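# Observations on chain architecture
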Amino acid sequence: MVPLTELTCSEAPSGASFVSGVPNVDSVWNILLGGTMRLGNYLRVFSALSVLLLWHSPVSAEDYYWTIINTEGRFANPLLACEAYRVAHTNYSPGSIQFKSDTRASCKFVRVDGVPVTGPDAVRNGSGCSNGTVYNSETGECTAPEEDECADKAGIDEGFSKSGTAPDGFAFISSGGIGGTQRQGCKNGCALEIHDNRCKWGVAGAYYCRGIATYTGQQCATTGTGDQIDEDTNESTEPETIKEDVPCVYSASGDKQVCESKKSEEKEGQSCGTVNGVPTCVSTPPAKNGVDISTEVTTETHADGSTTITKKDTATSTTCTGINSCTSKTATTTTVIQKDADGNTTSTESKCTGAACGSSYNPDRDGDGLGDGEGEGSGGEGQDWYTPGDDTFESVLTQFAADVKQTPIASKTTNFLTFRASGACPRWSVSVWVFDIDIDQLCSGNIPWDAIRAVILAAAAFLSFRIALF
């Protein structure tokens, strides 16, 4: 490098000036500044060239495509590649593909004679999917993503209903036999958060719920939570009392007469959601009491014309105090009735076996079933509804008269109400105040219009007499 003091005019760079062989300071500074600016321009050009080189480098992303041997072209999926091969090289009929791996798929064709054949493999190339497309592993191609309807519904409230039998994916059974529900739901593939619902429950776990849920904006497949809920059906969730009463209707079964009878009462329970953290009702368990009775009647006729009737009632009583919280007891009552040839009952014997005998668990303690009815066949002998006692019409009427006479109002009068019981048919005569009434309708069959008139007049006179005294 030549010392600055030795530079001559002929050697000076353009733009430099010297005075008496000595360079001007301002000129030297301009030379240095200009060199620096030219170096910055070189760096900018180098950076641009580097970007262009990287843009065209072989490691840039390329969408997946498929190729197949002896067939030119790039195909979006392996099925298109196999079809191009079939058209170019065979007279086979179109077929299908079978994936061997993520990057290879076998071509399947059908020969003209109907025999299936396997062709060459289609091979996947490329490095991924671009421009927002996603890879479909079922078809082997890049496709546009489906529109996310769930995201568009985020924050929207919607009514729903749900029915089923607990326990399931939506409902569960808590302590005390009370039902409960999950706080998440799924509707048309979109996840919802349930924040207000009310349900009614049966003792067997059947439930019906209604409420309000809010879309979270996520898909159920993504969150993995929530059971399917349905459109709101607007049915009531108020607990109901369900009564069942099925009478005994006999039908023939071989040499027996049989029937099934039942009676029950079920009160549904309820479970409640919350609004702003406050429960909307009081949760209660369901309850049920009922009895099922199976009846069999067998009649045996003896040589002398007498009969033996055997009636067997098996009663199963069930008490439920919550969902799937039921207890049952059974009592079997066997009644044997002996009758003579004229049909008169000569003896009746009854016995009971089982845990419910002699308790409230056996509502059929008399062995007559529930509501004996008539059906096909002649039916069976049931309970004798009337058993003769010591009371007669005469004794009951006489006792009634004595009781009336002992009352304060009747004791103040004499000969107001007297009875004379007589007759052989039987016939009775009654003296009421100024009336003499003959009671013989059991023998004559005549309608006692006089008696009816007398009773009405007597009642009116009695009330008038009472009013007059008090």
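Above this text you will find the structure in question.
Residues numbered from 1 in each chain as written. Predicted model: local features only at pLDDT ≥ 70, side-chain atom pairs only at ≥ 80, totals over all residues. Heavy atoms only, no water.

### Concerning the packing of aromatic side chains
The geometry of two aromatic rings is summed up by the distance between their centres and the angle between their planes. Scanning all chains against the criterion turns up 6 aromatic pairs. Measuring from ring centre to ring centre gives 5.3 Å for Trp201 and Tyr207, while their planes differ by 40°; the resulting arrangement is tilted. Assessed through its relative accessible area of 0%, Trp201 is described here as buried. An aromatic cluster is built from Tyr85, Tyr92 and Phe109, whose rings are joined through pairwise contacts. Here the guanidinium or amino end of Arg74 rests over the ring plane of Tyr65, the centre of that ring lying 4.0 Å away. (Phe/Tyr/Trp six-rings, centres within 6.5 Å; stacked < 30°, edge-to-face > 60°. Buried < 20%, exposed > 50% of the residue type's maximum accessible area, 1.4 Å probe, protein only. Lys NZ or Arg CZ within 6 Å of the ring centre and 35° of its normal.)

### Considerations on the pattern of salt bridges
One pass over the full model with this rule turns up 14 salt bridges. Arg104 is paired through a salt bridge with Asp121; the nearest N and O atoms lie 3.5 Å apart. Here Arg104, found in strand β6 (residues 104-110), pairs with Asp121, found in strand β7 (residues 116-125); they are 17 residues apart in sequence, far enough to count as distant. Overall, the relative accessible area of 36% leaves Arg104 in the partly exposed class. With a shortest N-O distance of 3.3 Å, Arg198 and Glu238 are connected by a salt bridge. Note that Arg198 is positioned in strand β14 (residues 190-201) and Glu238 in the loop between β16 (227-228) and β17 (241-246), a separation of 40 residues in sequence. (Salt bridge = Lys/Arg side-chain N within 4 Å of Asp/Glu carboxyl O. Helix = DSSP H or I, 4+ residues; strand = E, 2+ residues; numbered from the N terminus.)

### With respect to helix α2 (residues 78-89)
Taking 1.5 Å per residue as the helical rise, α2 with its 12 residues ought to reach 16 Å, and the 16 Å between its terminal C-alpha atoms agrees with that figure. For α2, the complete set of buried residues consists of Pro78, Ala81, Cys82, Tyr85 and Arg86. Angularly, the buried residues of α2 cover 135° about the axis, an arc narrow enough to put them on a single face. In α2, the exposed positions angled more than 90 degrees off the buried face are occupied by Val87 and Ala88. At its buried positions, α2 is contacted by β3 (65-68), β4 (71-75), β5 (93-99), β6 and β7. The N-cap of α2, judged by a side-chain oxygen 3.2 Å from the amide nitrogen of Leu79 a few residues on, is Asn77. (Expected span 1.5 Å × (residues − 1). Arc of directions from axis to C-beta. Contact = heavy atoms within 4.5 Å. Polar contact = N/O pair within 3.5 Å; in protein donor to acceptor, adjacent residues only side chain to side chain.)

### Description of the nonpolar core
Among the nonpolar cores identified, the biggest contains 16 residues, and Phe160, Phe170, Ala171, Trp201 and Tyr207 are the most heavily contacted of them. If you list the elements that add at least two residues to this core, you get β14 and β15 (206-219). Among the elements that take part in this core, β14 stands out by supplying 5 residues, more than any other. Grouped together as the second largest cluster of nonpolar side chains are 11 residues, Cys82, Tyr85, Ala105 and Phe109 included. (Core = buried A, V, L, I, M, F, W, Y, C linked by side-chain atoms within 4.5 Å.)

### Some points on unusual backbone geometry
Only a minority of non-glycine residues have a phi that is not negative, and only a minority of peptide bonds are not trans. The amide bond that connects Ala166 to the next residue, Pro167, takes the cis arrangement and shows omega of 0°. Topologically, Pro167 is positioned in the loop between β10 (157-165) and β11 (171-173). The backbone of Asn70 sits at a positive phi, close to 60°, despite the residue not being glycine. For Asn70, the position within the fold is in the loop between β3 and β4. Relative accessible area serves as the criterion here: at 62%, Asn70 is assigned to the exposed category. For Asn324, which is not glycine, the phi dihedral falls at a positive 55°. You can see Asn324 is positioned in the loop between β25 (307-320) and β26 (326-339). Overall, Asn324 belongs to the partly exposed group, its relative accessible area being 49%.

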